[in-house]
Amino acid sequence: MKITAIIGSPRKSGDCFKTIEMIEKSFNRISETQVEYVFLKDFDLGFCKSCLLCYTKGEQFCPHIQVTGLLLEKMMECDIVIFACPVYEQHVTALMKNFYDNFSFLFHRPRFFGKKAILLSSTGGSGLKGTLNYMKMTAIGWGFDIAGIVGVCGSSLSSNEKYKTDVQIRIDKLVDKIYKNRKAGQPSLYQLAMFRAMQCKALKSAQKKNIEYNYWLERGWLEKNYYTSQKIGIAKKIYSDFLKHIMRKMMNGKNIIIN
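Rules of the game
Residues numbered from 1 in each chain as written. Predicted model: local features only at pLDDT ≥ 70, side-chain atom pairs only at ≥ 80, totals over all residues. Heavy atoms only, no water. Axes fitted to C-alpha atoms, helices over the stretch in contact; angles between N-to-C directions. Helix = DSSP H or I, 4+ residues; strand = E, 2+ residues; numbered from the N terminus. Parallel < 35°, antiparallel > 145°, perpendicular 65-115°, else oblique. Left-handed = near helix turned anticlockwise from the far one by under 90°. Contact = heavy atoms within 4.5 Å. Nonpolar A, V, L, I, M, F, W, Y, C, P; charged D, E, K, R; others polar. UniProt positions renumbered as here; feature names shortened; annotations may be inferred. Domains from an automatic or database assignment. Buried area = accessible area lost by both parts, 1.4 Å probe. Salt bridge = Lys/Arg side-chain N within 4 Å of Asp/Glu carboxyl O. Polar contact = N/O pair within 3.5 Å; in protein donor to acceptor, adjacent residues only side chain to side chain.

Taking an unreviewed UniProt entry as the reference, the protein chain is identified by name as NADPH-dependent oxidoreductase belonging to Lacrimispora amygdalina.

Structure, rendered in structure tokens:
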């Protein structure tokens with residue numbers, strides 16, 4: 001098993017790092033596992049310029065391609081990606097947000113199908129749910145299957161042995177479940193909703209025949225019910241078709257919020 005851990009903490013020995021070590025220990029109970037620790041603070045990844053070149057021409061034209069290309073390669077070459085980030089002001093850190101911004105084209109041209117993601121966050125108090133929900137939305141948008149979600153309280157992890165033992169037990173159960181359910185099941189309602197949203201976006205660009213439209217057309221996704229051939233139950237199929245109908249009406253580009 002090969003795992004890449006993308007770490008958005010400005011500290012190398014923080015709570016996220018310690019929790020990844022616990023996950024690595026758990027995987028090694030079952031089979032030899034290689035974990036590559038990728039600290040975003042070590043990469044000179046500039047802020048996204050919103051030049052839109054990744055949208056209009058392709059990700060290879062990104063001004064930061066030397067870094068984004070390397071990070072993309074690391075994610076593509078492993079079995080599981082761990083996205084790890086502490087809570088900063090009820091959200092991900094600036095390092096992690098900039099990482100996500102530089103890869104925003106992956107929402108429009110997703111590619112991580114068949115690859116699993118573990119989402120990890122730590123907090124000193126609050127914000128775990130919102131931070132992990134944002135990370136979940138991004139991972140699903142990029143095509144990942146969510147293998148597990150881990151949220152911990154950093155202060156308790158460092159000072160409370162009972163708490164740390166409980167976290168390790170729960171991680172062991174999660175890893176056991178990952179090995180037991182290695183085949184992809186039905187896409188979740190969340191995954192179907194994300195697919196329909198991006199499908200409607202691609203269909204809307206049909207007249208432009210842009211890179212997004214051609215990407216979807218080449219893969220036969222414009223008329224499909226999901227990215228992959230995973231089975232979809234009748235109830236989920238009805239829900240998905242309803243979402244497609246609603247989203248096509250909503251995507252008129254005329255939204256305004258003024259309070």
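1. Examining the packing of helix H6 (residues 128-141) against helix H9 (residues 189-204)
Put simply, H6 and H9 touch, their axes get as near as 10 Å, and they point 60° apart. In this view, H6 runs oblique relative to H9, as classed from their interaxial angle. Between H6 and H9 lies a crossing of right-handed hand. For the pair formed by H6 and H9, the contact residues are Asn133, Lys136, Met137, Ile140 and Gly141 on the first element and Tyr190, Gln191 and Met194 on the second. Considered class by class, the residues forming the contact of H6 with H9 number 4 nonpolar, 3 polar and 1 charged.

2. Comments concerning the UniProt feature "domain: NADPH-dependent FMN reductase-like" (unreviewed entry) in the protein chain
According to UniProt, the "domain: NADPH-dependent FMN reductase-like" (unreviewed entry) feature falls on residues 1-133. The span residues 1-133 is 38% helix and 20% strand, and its two end C-alpha atoms sit 26 Å from each other.

3. Focus on the domain arrangement of the protein chain
According to the domain assignment, the protein chain contains domain 1 (2-180) and domain 2 (189-252). If you average the C-alpha positions of domain 1 and of domain 2, the two centres end up 26 Å apart. Between domain 1 and domain 2, the contact holds 17 residues from the first and 12 residues from the second. Taken together, the two surfaces of domain 1 and domain 2 that pack against each other cover about 1,300 Å², and 68% of this comes from carbon and sulfur. It is His108, Phe113 and Ile140 that lose the most area in domain 1 upon contact with domain 2, and together they represent 41% of the buried surface on that side. Taken together, domain 1 and domain 2 are joined by 0 salt bridges. In this assembly, domain 1 and domain 2 are joined by 5 residue pairs in polar contact (both at pLDDT 80 or more). Elements represented by at least two residues in the side of domain 1 that touches domain 2 include exactly helix H2 (53-56), helix H5 (105-108) and H6. No other element matches H6, which puts 5 residues into the side of domain 1 that touches domain 2.

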